[in-house]
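Residue strings, one per chain:
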Amino acid sequence: GAVVSQHPSRVICKSGTSVKIECRSLDFQATTMFWYRQFPKQSLMLMATSNEGSKATYEQGVEKDKFLINHASLTLSTLTVTSAHPEDSSFYICSAREAGQSLDTDTQYFGPGTRLTVL
Amino acid sequence: GDSVTQMEGPVTLSEEAFLTINCTYTATGYPSLFWYVQYPGEGLQLLLKATKADDKGSNKGFEATYRKETTSFHLEKGSVQVSDSAVYFCALIRYSSASKIIFGSGTRLSIRP
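Treat the numbers as computed from the prediction; the structure is a model and nothing was measured.

Engineer: I keep staring at the sheet that holds strand E9 (residues 75–77) of chain B and nothing clicks. Help me out?
Structural biologist: Sheet strands pair via backbone hydrogen bonds, and the direction of the pair is either parallel or antiparallel. All names here are of chain B. Spatially, E3-E9-E8-E7 is the arrangement adopted by the 4 strands of the open sheet, whose pairing is antiparallel. The strands lining the two open edges of the sheet, one partner per strand, are strand E3 (19–21) and strand E7 (56–59). Between one strand axis and the next, the sheet turns through 15 degrees on average, direction left out of account. As paired strands, E7 and strand E8 (residues 62–65) are joined by 4 bridges and run antiparallel to one another. When the sheet's bridge partners are listed, Lys56 is paired in E8 with Thr65.

Following this line, the structure appears as structure tokens:
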């Protein structure tokens, strides 16, 4: 089946630094990628939807200047956490929707997640 | 707004036991319903889905039936295996230009040999 990778799988950084997380679709083209955040024992919360070649659409309450999303190609989206603080520590998961699928057969393929710890 | 509620874990069972993980939803219209599974160290995988009322999704011995009258989509398996140990997420989607998935909080399942 379709594979989505994320890099890095874990990152520890100091407060105030920026961290970039990559999400790649390895064997298919993804017109749309989604970024989720998961707190311990809680649901995956959608942060933003990114479409290749256009600006990301952010969910209510998500700071777009803090969580920068770039979807420059059909196989790569990046999430940059700028000026990270301890409250940004979380598990970040991306998913990708394969190009050409109709909405009613929507299948999203998920990456393994990136655990961010901000000291 | 739309939401999904599933039973809290962890759930611990012995091998070959019967499994039920409850899931109920709140949504306007007619969402599609899903169960995703996350094995240790891996991404979420679609386990099964149902797109309309009374549909039954099934895969790998797991089943779930879309019950509109009770707004439920409970996951069942007749005989679990150690390899079924994972976190299970119930989810819904209302297809639109946005097509956002709404997830439940996840239920961790551990199967003892």
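Engineer: Where do I start with the pattern of salt bridges in this structure?
Structural biologist: Any two side chains of opposite charge can pair, given that their charged atoms come close. Residue and element names in this part refer to chain A. By the definition in use, this model includes 5 salt bridges over all chains. Among the salt bridges present, the one from Glu22 reaches Arg24, with a minimum N-O distance of 3.5 Å. Residue class for Glu22 comes out partly exposed when judged on its relative accessible area of 23%. Judged by relative accessible area, Arg24 falls into the partly exposed class, the value being 34%. In this structure, the salt-bridge partner of Asp88 is Lys66, at a minimum N-O distance of 2.9 Å.

Engineer: What is the right way to look at the layout of surface pockets in this model?
Structural biologist: Where empty space is left becomes clear once a probe the size of a water molecule has been rolled over the atoms. In this structure, the largest pocket encloses a volume near 800 Å³. Forming the boundary of the largest pocket are 28 residues, of which Gln38 and Lys41 of chain A together with Gln38, Val87 and Arg108 of chain B lie nearest the centre. Contributions of two or more residues to the lining of the largest pocket are made by strand E10 (86–93) and strand E12 (107–112) of chain B. Partitioning the lining of the largest pocket into residue classes produces 11 nonpolar, 11 polar and 6 charged.

Calculation rules
Residues numbered from 1 in each chain as written. Chains lettered and ligands numbered in written order. Predicted model: local features only at pLDDT ≥ 70, side-chain atom pairs only at ≥ 80, totals over all residues. Heavy atoms only, no water. Pairing = 2+ DSSP bridges. Helix = DSSP H or I, 4+ residues; strand = E, 2+ residues; numbered from the N terminus. Axes fitted to C-alpha atoms, helices over the stretch in contact; angles between N-to-C directions. Salt bridge = Lys/Arg side-chain N within 4 Å of Asp/Glu carboxyl O. Buried < 20%, exposed > 50% of the residue type's maximum accessible area, 1.4 Å probe, protein only. 1 Å grid on protein atoms, 1.4 Å probe; cavity = no way out; pocket = protein on both sides within 12 Å on 5 of 7 lines; lining within 4 Å. Points joined across faces, edges and corners; volume = space filled by probe spheres on them. Nonpolar A, V, L, I, M, F, W, Y, C, P; charged D, E, K, R; others polar.

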